[in-house]
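Residue-level listing of the chains:
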Amino acid sequence: MQSSGHRFRDVEHHPLLGENENYDSSSSSSSEADVADRIWFIRDGCGMVCAVMTWLLVVYADFVVTFVMLLPSKDFWYSVINGVVFNCLAVLALSSHLRTMLTDPGAVPKGNATKEYMESLQLKPGEVIYKCPKCCCVKPERAHHCSICKRCIRKMDHHCPWVNNCVGEKNQRFFVLFTMYIALSSAHALILCGFQFFSCVRGQWTECSDFSPPVTVILLIFLCLEGLLFLAFTAVMFGTQIHSICNDETEIERLKSEKPTWERRLRWEGMKSVFGGQPSILWMNPFAGFRIRRFLLKSKRGGPEFSV
């Protein structure tokens, strides 16, 4: 199909939207502004359950660490230092989780594949562009369609139910921080569990906890299982994400063995493109770039953007 000196290629051979179809081309220019003014949230049942479970498991770990292990301890500084460290890691992990879940991963505006929009791109003669037949958008390079978000996502790595969102161009940084902080807090909890078991066995379970010995054992065993599972899962995910960033290759591109048609940004260049700017402590801050006033304005202007 040829139009205005360039070719439009549809992945599934669907025709380009016509002028007399329902989509209003005048809205394509304002759709991106609307997205910027609203909160991104995916109403997927499975994803919301997984996200709530993530928060509950972190809260459970914090409860066991604080009330079972640290508060009953006779060593004041041991309790204070470990309590501050663990709770800081938990807050950073949950903040990174929220930023990942509520940040637009790089969605392409729906229904912008119109003749008017095509002409506004000023493409070169013979240049091939692609249309997604599912969301009727002009598909940018390295974008893939997510069947759960029902959108094409730029540099989509994968859809993660634990954060109820896709991991893409705009929120990959927060996902990396989430996996890192969960792995660190899990390792810290496991170390504290080891010390607690040693202390309880040495003291014959008399004064090691305010709870009864059977309850203490059950709580610690569940925390150890949770810590081992979370540590293994998030450490692997963190490693694969860093590997993907340093090689400028998403997980989907790796699984499909797609040959790169783009100029790769390897190692530090890739890290800079995801985390922004030169290496600094701000790379590890999930609150960087967050503005409370802007967030409140977004909430007043329309609430959740996507109801899927």
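This one's a predicted model, so the numbers in the text were calculated from it and none came from an experiment.

Moving on, we come to the side chain of Ser 79. Mapped onto the elements, Ser 79 comes out in helix α3 (residues 76-102). In this structure the side chain of Ser 79 is engaged in a polar contact, spanning 2.6 Å, whose partner is the backbone oxygen of Leu 70.

The next thing to look at is a nonpolar patch on the surface. On the surface, Phe 76, Trp 77, Val 80, Ile 81, Val 84 and Val 85 cluster together into a nonpolar patch covering about 600 Å² of accessible area. The class of Val 84 is partly exposed, set by a relative accessible area of 47%.

On to unusual backbone geometry. One non-glycine residue, Arg 142, adopts positive backbone phi at about 70°. Positive phi, normally seen in glycine, also occurs at Lys 155, with a value near 50°. As for its position among the elements, Lys 155 is in the loop between β6 (151-154) and β7 (158-160).

Bringing the environment of Ser 95 into the picture now. Inspection of the secondary structure assignment puts Ser 95 in helix α3. Using a relative accessible area of 14% as the deciding quantity, one classes Ser 95 as buried. Each C-alpha atom of the pair Ser 95 and Asn 285 lies 9.5 Å from the other, and the pair is 190 residues apart in sequence.

Let's shift gears to the environment of Phe 287. Position of Phe 287 relative to the elements: it lies in the loop between α8 (268-275) and α9 (292-302). Between the C-alpha atom of Phe 287 and that of Arg 99, which follows or precedes it by 188 residues, the distance is 8.3 Å. With residues near it in sequence (within four places) discarded, Phe 287 still touches Leu 92, Ser 95 and Arg 99.

The next thing to look at is helix α5 (residues 172-202). Over its 31 residues, α5 extends 45 Å from the first C-alpha to the last, a length consistent with the 45 Å expected when each residue adds 1.5 Å. Looking one or two residues past α5, Gln 204 carries a phi angle of roughly 55°, positive in sign.

Summarising the sheet, strand β5 (residues 143-146) and β6 pair through 4 bridges and their orientation is antiparallel. The partner of Ala 143 across the bridge, within β6, is Arg 154. Between β5 and β6, which pair antiparallel in sequence order, lie 4 residues; one of them, Lys 150, sits at a positive phi of approximately 60°.

This part covers the confidence of the model for the protein chain. As a general rule, the predicted coordinates of low-pLDDT regions are not to be interpreted in detail. Per-residue confidence for the protein chain averages 80 on the pLDDT scale, and 80% of its residues sit at or above 70. Contacts for the low-pLDDT stretch residues 301-308, under 50 throughout, to residues beyond four places or in other chains number 27 contacts.

Reading the values: the criteria
Residues numbered from 1 in each chain as written. Predicted model: local features only at pLDDT ≥ 70, side-chain atom pairs only at ≥ 80, totals over all residues. Heavy atoms only, no water. Helix = DSSP H or I, 4+ residues; strand = E, 2+ residues; numbered from the N terminus. Polar contact = N/O pair within 3.5 Å; in protein donor to acceptor, adjacent residues only side chain to side chain. Patch = residues over 30% accessible without salt bridge, like charges linked within 9 Å, V, L, I, M, F, W, Y side chains within 5 Å. Areas by Shrake-Rupley, 256 points an atom, 1.4 Å probe, with all protein chains shown as cover. Salt bridge = Lys/Arg side-chain N within 4 Å of Asp/Glu carboxyl O. Buried < 20%, exposed > 50% of the residue type's maximum accessible area, 1.4 Å probe, protein only. Contact = heavy atoms within 4.5 Å. Expected span 1.5 Å × (residues − 1). Pairing = 2+ DSSP bridges. pLDDT = per-residue confidence, 0-100.

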